[in-house]
Amino acid sequence: MSTIMIIDDDDQLRISFERLLKEEGYGVRTAPSGESGIRMITEAIPDLVLLDVRLPGMNGLEAYRQIHRIEPKLPVIIMTAFGTTETAIEATKMGAFDYVIKPFDIPQILSTIRQALEAGRFMRSPVDMDASPDKIKGEVIIGKSPAMQEVYKAIGRVSATDATVLVRGESGSGKELVARALYHHSVRSDKPFLVINCVAIPDTLLESELFGYEKGAFTGATHRRVGKIEQATGGTVFLDEIGDMPLNLQAKMLRLLQEKSIERLGGRETIPVDVRIIAATNRNLERLIADGQFREDLYYRLKVITIWLPPLRERTGDIPLLADYFLSRYASELGIENPGITREAMSMLVSSPWPGNIRELSNTLQKALIFNRGAPLSLADITQATVDDAKNHHLSEDACDDQVRAWIRTLLSKGEQENLFENCMDHFGGVLVGEALNLTGGNRSQAARLLGMSRPTLHAKIDKYQLKIETSVR
Ligand SMILES: Nc1ncnc2c1ncn2[C@@H]1O[C@H](COP(=O)(O)OP(=O)(O)OP(=O)(O)O)[C@@H](O)[C@H]1O
Ligand SMILES: [Mg+2]
């Protein structure tokens, strides 16, 4: 459970916020002043701090400085009222994760909290390369194949530089893991690491998310907002799924890479920024260029150092290592003895095509373990786990219809109801979109493709149905 520390002198806010966050499943500690908050943080470091700017005694900015000194990788969200946004911006430039303006928009602050917790986890959990099991501290990139050796060498070669790196490979091949390893082995490993998924943010918001905006830049821009790139000052920005970035933003990105500066939306000031960019994509950039969807100049700027992750089917020699690693990891997570795996089952793993690459292998083994009764995983266990999803899909439509009809009859038997039709459709829509997201491990561009809808439409549905997105096993 993640622990969140709230530092605010407003008793009412502390109480209501504590209740809200506890309901969301977080552990909460509170302090009414910077001094007491810092004392508590020194005793036990939380996973996230929510810090008010205007405090009695030590002000928020000073409190931020001290917290940052105690644990530079502890994400801090600044809470500010309208009048004090400049201080919040100041703290953000010094490395605070983000700021939120009172009164809070609850879904927005909860989403910022989730992002900050994830950023903190990424920053603190190291990614080792091919470590022996007894040395593993955090996550580890497994693989001894020549192709993976090349990946390790590339990570090593660029570790002392600030070079932009492009990570390419099929879905589930480990691009994000490599990006995190690049960060942990870089000279900026003590500075922030921010992940921006170009697909997860609707096109219309991506520009302001990345570059920020000035007050009055558009209707609703009631105050200045610092973008993610400025927030990551001194650190590293991971631009995931860059192949999906809209063209107008690609131009701004190119400028950032070439001139190391940005302009906020609606602003004239050129702001120098010091960030290292790591980008990743599973798209065929060359084809996107030919189709006029990706800028060639940006492509050349990005591709200087490219790390290619081979698909799993091209390095089958790594499969037994990966399988052993996932089995011991998931067994320990499930609190069970690792049952091992039979030779036949392992051969099957090695000869499977794994279109979803390592993510698919890892999901399969996790599923097989959940249903395992203690004996070494057999061919049947693995087949069962692999076909599980497919079987769910092919569940006979008749059987499904019977269940749905029964449920609908119960609904109708309750008599006249307002918007019954719409509510029912929304219910099914939510299940459909939710399942598509589950199946794709939270990958929204894949889910949109699967559902035959555009990404903005998918986003609108996610909002409408208030779906919580779980990204697949990490
Ligand atoms: N070499 C590896 N060793 C151990 N685990 C790995 C390795 N490669 C990938 N994984 C695990 O597989 C899962 C998928 O990897 P990751 O998210 O990095 O893929 P990706 O290439 O970014 O996929 P996508 O294109 O779908 O975003 C993660 O849980 C990751 O930790
Ligand atoms: Mg990824």
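The name that an unreviewed UniProt entry assigns to the protein is DNA-binding transcriptional regulator NtrC, with the source organism given as Desulfosarcina alkanivorans. Under the heading Subcellular location (unreviewed entry), UniProt records this for the protein: "Cytoplasm".

### Examining the packing of aromatic side chains
The full count for this structure, using the stated rule, is eight aromatic pairs. Ring centres 5.4 Å apart and planes at 25° place the aromatic pair Phe17 and Phe104 in the stacked group. Of this pair, Phe17 sits in helix 1 (residues 11-23) while Phe104 sits in the loop between strand 5 (98-101) and helix 5 (106-124); the two residues are 87 residues apart in sequence, bridging distant segments of the chain. The exposure classification of Phe17 matches that of Phe104, with both residues buried. Seen in terms of ring centroids, Tyr325 and Phe326 are 5.3 Å apart; in terms of plane orientation they differ by 55°. Their pairing is tilted. Its relative accessible area of 12% is what places Tyr325 among the buried residues. Positioned over the ring face of Tyr99 is Arg225, at 4.6 Å from the centre of the ring. Lying over the aromatic face of Phe211, Lys252 brings its terminal NZ or CZ to 4.8 Å of the ring centre.

### Comments concerning the UniProt feature "domain: Sigma-54 factor interaction" (unreviewed entry) in the protein
Residues annotated by UniProt as "domain: Sigma-54 factor interaction" (unreviewed entry) correspond here to residues 141-370. Span residues 141-370 is 44% helix and 15% strand, its end C-alpha atoms 24 Å apart.

### A look at the UniProt feature "domain: Response regulatory" (unreviewed entry) in the protein
Within this structure's numbering, the places UniProt gives as "domain: Response regulatory" (unreviewed entry) are residues 3-117. For residues 3-117, the end-to-end C-alpha separation is 9 Å, with 48% helix and 21% strand making up the annotated structure.

### Quick word on the nonpolar core
Counting 76 residues, the largest nonpolar core has Phe17, Leu21, Ile113 and Leu239 as the members making the most contacts within it. With eight residues, the single largest contributor to this core is helix 5. When residues of this core are sorted by domain, at least three fall in each of domain 1 (3-124) and domain 2 (127-310). Ignoring anything within four residues of it in the chain, the contact list for Leu239 reads Ile196, Cys198, Leu210, Met245, Met253, Ile277, Ile278, Ala279 and Ala280.

### Things to note about the packing of helix 13 (residues 319-334) against helix 15 (residues 357-370)
Interaxial distance between helix 13 and helix 15 falls to 9 Å at its minimum, and their mutual angle equals 45°. Taken together, the axes of helix 13 and helix 15 lie oblique to each other. Both helix 13 and helix 15 take part in a crossing whose hand is right-handed. From helix 13, Ile319, Leu322, Ala323, Phe326, Leu327, Tyr330, Ala331 and Leu334 reach across to helix 15, where they touch Ile358, Leu361, Ser362, Leu365, Gln366, Leu369 and Ile370. Its residues assigned to classes, the contact of helix 13 with helix 15 shows 13 nonpolar, two polar and no charged.

### A short note on the side chain of Thr164
Tracing the sequence through the fold places Thr164 in the loop between helix 6 (146-158) and strand 8 (165-169). Given a relative accessible area of 16%, Thr164 falls into the buried group. Those residues in contact with Thr164, other than ones at most four positions away along the chain, are Leu257, Ile277, Leu302 and Ile305.

Cut-off values and rules
- Residues numbered from 1 in each chain as written.
- Chains lettered and ligands numbered in written order.
- Predicted model: local features only at pLDDT ≥ 70, side-chain atom pairs only at ≥ 80, totals over all residues.
- Heavy atoms only, no water.
- UniProt positions renumbered as here; feature names shortened; annotations may be inferred.
- Phe/Tyr/Trp six-rings, centres within 6.5 Å; stacked < 30°, edge-to-face > 60°.
- Helix = DSSP H or I, 4+ residues; strand = E, 2+ residues; numbered from the N terminus.
- Buried < 20%, exposed > 50% of the residue type's maximum accessible area, 1.4 Å probe, protein only.
- Lys NZ or Arg CZ within 6 Å of the ring centre and 35° of its normal.
- Core = buried A, V, L, I, M, F, W, Y, C linked by side-chain atoms within 4.5 Å.
- Domains from an automatic or database assignment.
- Contact = heavy atoms within 4.5 Å.
- Axes fitted to C-alpha atoms, helices over the stretch in contact; angles between N-to-C directions.
- Parallel < 35°, antiparallel > 145°, perpendicular 65-115°, else oblique.
- Left-handed = near helix turned anticlockwise from the far one by under 90°.
- Nonpolar A, V, L, I, M, F, W, Y, C, P; charged D, E, K, R; others polar.

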